[in-house]
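These are the residues of each chain, in order.
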Amino acid sequence: MAVVKLVVDGRLVEVAAGATLLDAVRAAGLALPTLCHDDRLTTVASCRTCLVDITGRGPAAACSTLAEDGLRVAVEASRALRRDALRAIVAGLPTRALDVPADRSELARQCAGYGVTAPLGAVTPPERGLDHSHPYVKLDRDLCIACGRCVRACAEIQGTFVLTLTGRGAGTVVAPGTGGPWAESDCVSCGACVDTCPTGALSEPGLLNMLPIERQTRTTCGYCGVGCSLEVSTRDNVIMTVRPAGEGSVNRGHACVKGRFAHGFLGSTDRLTTPLIRRNGTLAPASWEAATGYVAARLAGIRDADPGGFAVISSARATNEENYLAQKFARAVMGTNNVDNCARLCHAPSAAGLAATFGLGGGTNAFDDLDRCDVILLVGANPTAAHPVVGSRIFQRVMDGARLVVVDPRRTFLARHADVHLRPRPGTNVAVFNGLAHVLVREGLVDSAFLETHTNGYDELLGLLEDYPPERVAEISGVPAHDLVRAAVMYGRALVPAIFYGLGVTEHRHGTDGVRTLSNLALLRGAVGPGTGGGVNPLRGQNNVQGASDMGALPDLLPGYQKILDPAARTRCAEAWRADVPSRPGLRIPQMFAAARDGALQALWVIGEDVLATDPDSASVRAALAACPLVICNDLFLSPTAAAADVVFPVAAWLEKNGTFVNFDRRFQRVRAAVAPPAGVRTDFAVLHAVAAGMGADLGCPTPEEAMAECASVAPLFGGITHARLDRDGPLHWPCGSAVSPGTPRLYQDRFATPDGLAHLAARPYLPPGEQCDAAYPYLLVTGRRAEHYNSGSMTRRTDNLVLLTDETIDVGPGDAAALGLHEGDTVRLDSRHGMAVLRLRITDEVEPGQVFAGFHFPGATVNSLTSAVEDEVTGCPEYKVTAVRISAHA
Ligand code: FES
């Protein structure tokens, strides 16, 4: 790499060619004010607070001046230049501009450092007023210096382009959208504008934010699976603000409305703080001793009589250490493998499909590989809503010139910006993926050398693909043949293509086949593992759904994906746990419910899941809970599931506990308690220990740190991961087999992890979905997430996110709405073959004719009473994405 040598305050400095004087000044260990500059944004050089003096040339803005060989730059000697620039800025502001706490105002901080005070007899600038219309963003126009950082952050980081600078000269000020109230703009509330604002003109409402920060804690977000690093500022055990962490984090200083702002639920007045036991049909408060003693006694009886009569649904919201302990409790204390987690309902087909194809059940590449990609194939995912930081980064790549192919029935935000948008009929993915593969082969866009060296199954696949010419795929899926060809050629001709996909691939009757046939494309193109390329990357839904499965909260797999049928793996765990490990695979979640309805399940422990709101065919789930003699529930609130339980344990939230999560690109990250939980609340970790102790068992590993260490000792995949190492070195991608392993951001660089070292192409035919429309149920319902809320909404509905999205809607196309005689905002009734829901109508062109869409964040909307019990034939993952419904005006 070419370097440039120059002298900064007498020190010889080397920087890369193309670096600025600001980079050189920083390399010399010095700092400058940079009020209009943010390293993540394009440079505008408008504030002049970074001026330095170049010998022989005079003053120059360091942020925008390229470093050149032989330059001599004076920093200290040019302080007066910067002080004058700061003075000029302050002169146009009200004196309170310097009263903003220094930890929230770069301007105040720099002025303090440069001895700049509010001018005597200060000019009172025009009163441009406040905008307090938005629950999370407050605009004080009189503090705006028109640096434009917020405008560029909105465009270049978030990709929303909602902010602009309006006015002229000294009257220039930031404005949302067309200049109306902030709350009425298209702002997505990511907070990027607040985070970059150097003056406090943009800030968070609340008096607390006018006080100095007492403590800061780095932790990992507990919403979606992106795993954003967050800096949580607190005072008196109350969260003041949550800001995205920058360098080295998966989120690179960005966050979304949930991670950034939706923490108010912690202090909700209906937070559970006392255990509850059902007595005479009513849940009544009980002491911890009574509740844990009661559960322990009941479970001891089941263990002694019929261990298989117990099952536990562990939590993708809980830490790895809690999941490790939950599966250990089931196996070592209760003597059953009846443990599962909600990966069953989302990405179980990913784990199964990716493992069968490549050898391991995780995404193949690190998210940062996106930066190298020139074509992105985004399938069955709307990351703009479900994984907003990923959505923004993909959009950034597109703005930087990458091509984008979206495969999704809905016209999502990213689909609107795609080069090709394929809109397959829900349930026809496998046909589309086989059709894309057909074109890759037909057009000679396969990597024959890669296929020869690193894969098997090619001949069988070629035979199958003959049946999937684009014209036939068009008949099956509704995707025009020429669009299918365009998409395949674009992916096939890429230098570094990457696949990202979501639940639109997995939540199908043939979800595992979908993952496998999608993975075929990367193999045909040689774009994974030893080949170049961005691989195949599932966007995991919950914060720790990857980790819950990694920890062995699965009925057939021990920690680290060791098969329960493997005697050596069982022995390894049995020795560490000093207990036998049952050899027969346990029940999956749907099988647990079926067993309960059949009277075969005596106790079900649901940890941190609201299965009545989020699992499909909720009438059947309710029947299962009613039939089970003992239902135990850990939750923050009295969710519908908790309300149906016999014992409820009040537990801590992610901001209140310690441990680790694993995000969607296999990254172990530390979770740290930013605040203490309310009095009376315990962690899931402590509850499991207490119940085990009540049964006379010792779960060992008394702290999360020791639980991680024990997990590492039994799971070779995680052998080098410890809390101490994560604290010292930061995140680690698994596999990380030893203390000297740096982790594995990119998998399979030498060989695939299958027994023969080859990736296995899958010749899987298209088979129809479980649900079909007919005259009685003529519309196809797809369910998914909205940006403002999260899953059952139990957290986000207890924050001001509820102001941003007040209720659930059913999204219907304009043509269908007109044909039904329905109007925007009408209350409509949806009936499926399984249940009924009442929702408000939203008319949008995002959905195709004949299809409708709903989120599932409002349990009162009972959307999951509509969905069916049809499930993926390999993993049991529900077919959430295809439900036949009819729509009518609600009486
Ligand atoms: Fe360089 Fe503003 S930071 S001109």
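Figured I'd write up the structure that's included with this text.

### Some thoughts on helix α19 (residues 511-524)
Think of an α-helix as turning once every 3.6 residues; residues three or four places apart then point the same way.
Then, number 1: Here α19 spans 20 Å end to end across 14 residues, near enough to the 20 Å set by a 1.5 Å rise per residue.
Then, number 2: With respect to burial, α19 is a largely interior element, 14 of its 14 residues being buried.
Then, number 3: After α19 finishes, the residue Gly526 shows a positive phi value of roughly 65°.

### Focus: the sheet that holds strand β3 (residues 51-54)
Strands in a sheet are paired, the pairing made by backbone hydrogen bonds, and the direction either parallel or antiparallel.
Then, number 1: What the 5 strands build is an open sheet, ordered β2-β1-β5-β3-β4; its pairing is mixed. A strand with exactly one partner marks an edge of an open sheet, and here the two such strands are β2 (11-16) and β4 (58-61). Each strand axis lies, on average, 40° off the axis of its neighbour in the sheet, ignoring direction.

### Quick notes on the pairing of strand β37 (residues 851-854)
Then, number 1: The alternating pattern of β37 places Gln851 and Phe853 and Val852 and Ala854 on opposite faces, both of which are buried.
Then, number 2: Relative to β37, strand β33 (residues 779-783) runs parallel, the two being bridged by 4 bridges. Residue Leu780 lies in a different strand from β37, and its bridge partner there is Gln851.

### Observations concerning the packing of aromatic side chains
Then, number 1: Summed over all chains, the structure comprises 19 aromatic pairs.
Then, number 2: Ring geometry for Phe358 against Phe752: centres 5.7 Å apart, planes inclined by 25°, an arrangement best described as stacked. Of this pair, Phe358 sits in helix α9 (residues 348-358) while Phe752 sits in the loop between β31 (732-733) and β32 (759-760), and the two are 394 residues apart along the sequence.
Then, number 3: Geometrically, the ring pair formed by Phe450 and Phe752 is edge-to-face, given 6.4 Å between the ring centres and 90° between the ring planes. Taken together, the positions of Phe450 in helix α14 (residues 448-454) and Phe752 in the loop between β31 and β32 put the pair 302 residues apart, joining distant regions of the chain.
Then, number 4: The buried category is assigned to Phe450, whose relative accessible area is 5%.
Then, number 5: Assessed through its relative accessible area of 0%, Phe752 is described here as buried.
Then, number 6: Grouping aromatic residues by their ring pairs yields a cluster made of Trp288, Phe310, Phe329, Trp605 and Phe649.

Rules used throughout
- Residues numbered from 1 in each chain as written.
- Predicted model: local features only at pLDDT ≥ 70, side-chain atom pairs only at ≥ 80, totals over all residues.
- Heavy atoms only, no water.
- Helix = DSSP H or I, 4+ residues; strand = E, 2+ residues; numbered from the N terminus.
- Expected span 1.5 Å × (residues − 1).
- Buried < 20%, exposed > 50% of the residue type's maximum accessible area, 1.4 Å probe, protein only.
- Pairing = 2+ DSSP bridges.
- Axes fitted to C-alpha atoms, helices over the stretch in contact; angles between N-to-C directions.
- Phe/Tyr/Trp six-rings, centres within 6.5 Å; stacked < 30°, edge-to-face > 60°.

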